[in-house]
Amino acid sequence: MRYSERELLSLSRQPAEKAAEILMRAPKKGSVLKKRLVKLVVNFLFYFRTDEAEPIGALLLEHCKINKEEENVFSISFIEEPDRKYSFECDTEEQCQEWIEALRRASYEFMRRSLIFYRNEIQKMTGKDPLEQYGISEEARFQLGTRKL
């Protein structure tokens, strides 16, 4: 997927599902923990220097693993590059757990599975496909057992 810098900048200015100043370490060798404003918008995790309005980076939260490393530390690594890990240190274990849950819910795949689950539940209760009214009930991406397009 390609995104222009302007598109990402615009997205970074949208209301966040979650945002906080936390410590972050990039996967670069010799990287140290630095305080960053971290902002979750849809399925992007933007990070900013605390005194700047434009993000210095963004992570697309697809095909990634979010792991709890220590009591108040979590990491994000990508399936294609499992050794490249972004680490985040929160103030408390509770804040860490909230971030982990929010990040896991942010992926397209999680949202697709949730849609399919609730679609099937509604169909069981009402006997009708709730997506039919939108003309999208037959699209492959909304079918169980198919990969995202």
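These figures come from a predicted structure and were not determined experimentally. (Residues numbered from 1 in each chain as written. Predicted model: local features only at pLDDT ≥ 70, side-chain atom pairs only at ≥ 80, totals over all residues. Heavy atoms only, no water.)

Engineer: Please explain the UniProt feature "domain: PH" (unreviewed entry) in the chain as it appears in this structure.
Structural biologist: Summarizing the sequence annotation, UniProt attributes the feature "domain: PH" (unreviewed entry) to residues 15–108 in the numbering used throughout. Span residues 15–108 is 15% helix and 51% strand, its end C-alpha atoms 18 Å apart. (UniProt positions renumbered as here; feature names shortened; annotations may be inferred. Helix = DSSP H or I, 4+ residues; strand = E, 2+ residues; numbered from the N terminus.)

Engineer: Is there a simple way to think about unusual backbone geometry in this case?
Structural biologist: Leave glycine aside and you will find that most residues have negative phi; peptide bonds, for their part, are mostly trans. Notably, Val42 is not glycine yet its phi reads approximately 55°, a positive angle. Looking at where Val42 falls in the secondary structure, it is placed in the loop between strand S2 (34–41) and strand S3 (44–49). Take Val42: its relative accessible area is 42%, and that puts it in the partly exposed class. With a phi close to 55°, His63 is a non-glycine residue in the positive phi region. Along the polypeptide, His63 turns up in the loop between strand S4 (57–60) and strand S5 (64–70). Classification of His63 by relative accessible area gives partly exposed; the value is 41%. (Buried < 20%, exposed > 50% of the residue type's maximum accessible area, 1.4 Å probe, protein only.)

Engineer: Quick question: what am I supposed to make of helix H3 (residues 108–126) here?
Structural biologist: Given 3.6 residues per turn, any residue in an α-helix points the same way as the ones three and four places further on. The end-to-end C-alpha separation of H3 is 26 Å, in line with the 27 Å expected for 19 residues at 1.5 Å each. Taken residue by residue, H3 has Glu109, Arg112, Ile116 and Arg119 as its buried positions. Projected down its long axis, H3 carries its buried residues within an arc of 90°, all on one side. Across H3 from its buried face, at more than 90 degrees, point the exposed residues Tyr118, Met125 and Thr126. Just downstream of H3 lies Gly127, where phi reads positive at about 80°. (Expected span 1.5 Å × (residues − 1). Arc of directions from axis to C-beta.)

Engineer: It is not clear to me how the sheet that holds strand S6 (residues 73–78) should be interpreted in this structure. Could you clarify?
Structural biologist: Strand pairing in a sheet relies on backbone hydrogen bonds, with the paired strands running either antiparallel or parallel. One open sheet holds the seven strands; their spatial order is S4-S3-S2-S1-S7-S6-S5, and the pairing between them is antiparallel. Taken across any chain shown, the strands that pair with only one partner, and hence form the sheet edges, are S4 and S5. If you compare each strand with its neighbour and ignore which way they point, the axes differ by 35° on average. Taken together, the six bridges between S5 and S6 define a ladder with antiparallel strand orientation. Paired with Lys65 across the two strands is Ser77, which belongs to S6. Seen against the sheet, helix H1 (residues 5–12) touches S2 and S3 and runs at an angle of roughly 85° to S3. Sheet strands in contact with helix H2 (residues 93–105) are strand S1 (18–25), S2, S3, S5 and S6, and its direction is about 105° off that of S1. (Pairing = 2+ DSSP bridges. Axes fitted to C-alpha atoms, helices over the stretch in contact; angles between N-to-C directions. Contact = heavy atoms within 4.5 Å.)

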